Amino acid sequence: YIGSTEIMTTTGGASTVVDSITLNSDGLMTSDYETSGANTNVTTYTYSGTELQKSVNVVNGGTPTTSTYTWTNGDLTSSSLNGTSSGTYTYNSKASESGDYWQIVQLVNYGAVFVKTTHQLSGYQVGTTVENINYTYDNTGKITTVTGTTGSDVETISYQYSCH
């Protein structure tokens with residue numbers, strides 16, 4: 001991590017992957033420049049405040065693909081890819097917090113956050129894929145498990161906390 005830029009290098013596969021991510025003052029990703037062998041993938045992100053409005057992705061210098069995003073009361077509610085509806089999102093009434101679905105999925109898959117919502121995601125549909133998300137909490141209200149269910153596939157992330 002260097003200032004507002006994260007540089008991650010992954011080795012051990014068929015090729016080395018180098019990912020350079022730039023963050024804004026809110027800690028949100030503004031660009032992601034990834035190289036893997038001879039392939040280059042560049043994505044830029046545009047915000048209104050902390051709400052993602054648009055992302056543009058270019059693979060190997062080809063034609064850009066543009067995604068746009070719609071927000072309601074601080075929550076991402078829909079997305080479109082090149083003008084065609086691509087996703088809808090629903091939320092529970094609990095405030096977004098560390099370890100919720102959006103945060104953990106973005107950190108694991110992208111290395112940084114680009115969607116930050118007011119509430120915890122409870123489900124989404126992207127194309128024909130529908131995922132339902134459930135949370136369990138400890139007696140202080142912290143998330144202890146996040147379970148995502150897509151058809152018969154179930155994925156559970158568990159958290160343990162310790163007091164020092």
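Residues numbered from 1 in each chain as written. Predicted model: local features only at pLDDT ≥ 70, side-chain atom pairs only at ≥ 80, totals over all residues. Heavy atoms only, no water.

Draft legend 1. Highlighting the layout of surface pockets. Roughly 700 Å³ of volume is contained in the largest pocket. Lining the largest pocket are 26 residues; nearest its centre among them are Ser67, Tyr69, Tyr89, Tyr110 and Phe114. For the lining of the largest pocket, the elements supplying multiple residues, two or more each, are strand S3 (29-36), strand S4 (39-48), strand S5 (51-59), strand S6 (65-72), strand S7 (75-81), strand S8 (84-95), helix H1 (101-110) and strand S9 (119-126). Broken down by element, the lining of the largest pocket gets its largest block of residues, 6 residues, from H1. Residue composition of the lining of the largest pocket, by class: 14 nonpolar, 10 polar and 2 charged. Of the volumes computed, that of the second largest pocket is approximately 160 Å³. In this structure, the second largest pocket is lined by Tyr101, Ile104, Val105, Val108, Asn109, Glu131, Val146, Thr147, Gly148, Glu155 and Ile157. (1 Å grid on protein atoms, 1.4 Å probe; cavity = no way out; pocket = protein on both sides within 12 Å on 5 of 7 lines; lining within 4 Å. Points joined across faces, edges and corners; volume = space filled by probe spheres on them. Helix = DSSP H or I, 4+ residues; strand = E, 2+ residues; numbered from the N terminus. Nonpolar A, V, L, I, M, F, W, Y, C, P; charged D, E, K, R; others polar.)

Draft legend 2. Expanded view of the environment of serine 158. Checked against the element boundaries, serine 158 lands in strand S12 (residues 153-158). According to the relative accessible area criterion, serine 158 is exposed, its value standing at 54%. Put simply, serine 158 and serine 48 are 110 residues apart on the chain and 33 Å apart in space, counted from C-alpha to C-alpha. Setting aside residues up to four positions removed in sequence, serine 158 forms contacts with Thr144 and Thr145. (Buried < 20%, exposed > 50% of the residue type's maximum accessible area, 1.4 Å probe, protein only. Contact = heavy atoms within 4.5 Å.)

Draft legend 3. Just unusual backbone geometry, in detail. Backbone geometry places asparagine 73, a non-glycine residue, at a positive phi of 50°. Within the fold, asparagine 73 resides in the loop between S6 and S7. Given a relative accessible area of 69%, asparagine 73 falls into the exposed group. Positive phi is not limited to glycine here, since asparagine 82 has a value of about 50°. Overall, the relative accessible area of 46% leaves asparagine 82 in the partly exposed class.

Draft legend 4. Structural detail: H1. Listed in full, the buried residues belonging to H1 are Tyr101, Trp102, Ile104 and Gln106. Where H1 ends, the next residue or the one after it, glycine 111, has phi of about 85°, a positive value.

Draft legend 5. Molecular detail of the packing of aromatic side chains. Scanning the model with the defined rule gives 6 aromatic pairs in all. Centroid distance tyrosine 89 to tryptophan 102: 5.6 Å. Interplanar angle 45°. Geometry classified as tilted. Taken together, the residues tyrosine 89 in strand S8 and tryptophan 102 in helix H1 connect sequence positions 13 residues apart. An aromatic cluster is built from Tyr89, Tyr101, Trp102 and Tyr124, whose rings are joined through pairwise contacts. The aromatic ring of tyrosine 137 is capped on one face by lysine 94, whose charged end is 4.4 Å from the ring centroid. Lysine 142 extends its terminal NZ or CZ atom over the ring of tyrosine 161, reaching a point 4.8 Å from the ring centre. (Phe/Tyr/Trp six-rings, centres within 6.5 Å; stacked < 30°, edge-to-face > 60°. Lys NZ or Arg CZ within 6 Å of the ring centre and 35° of its normal.)

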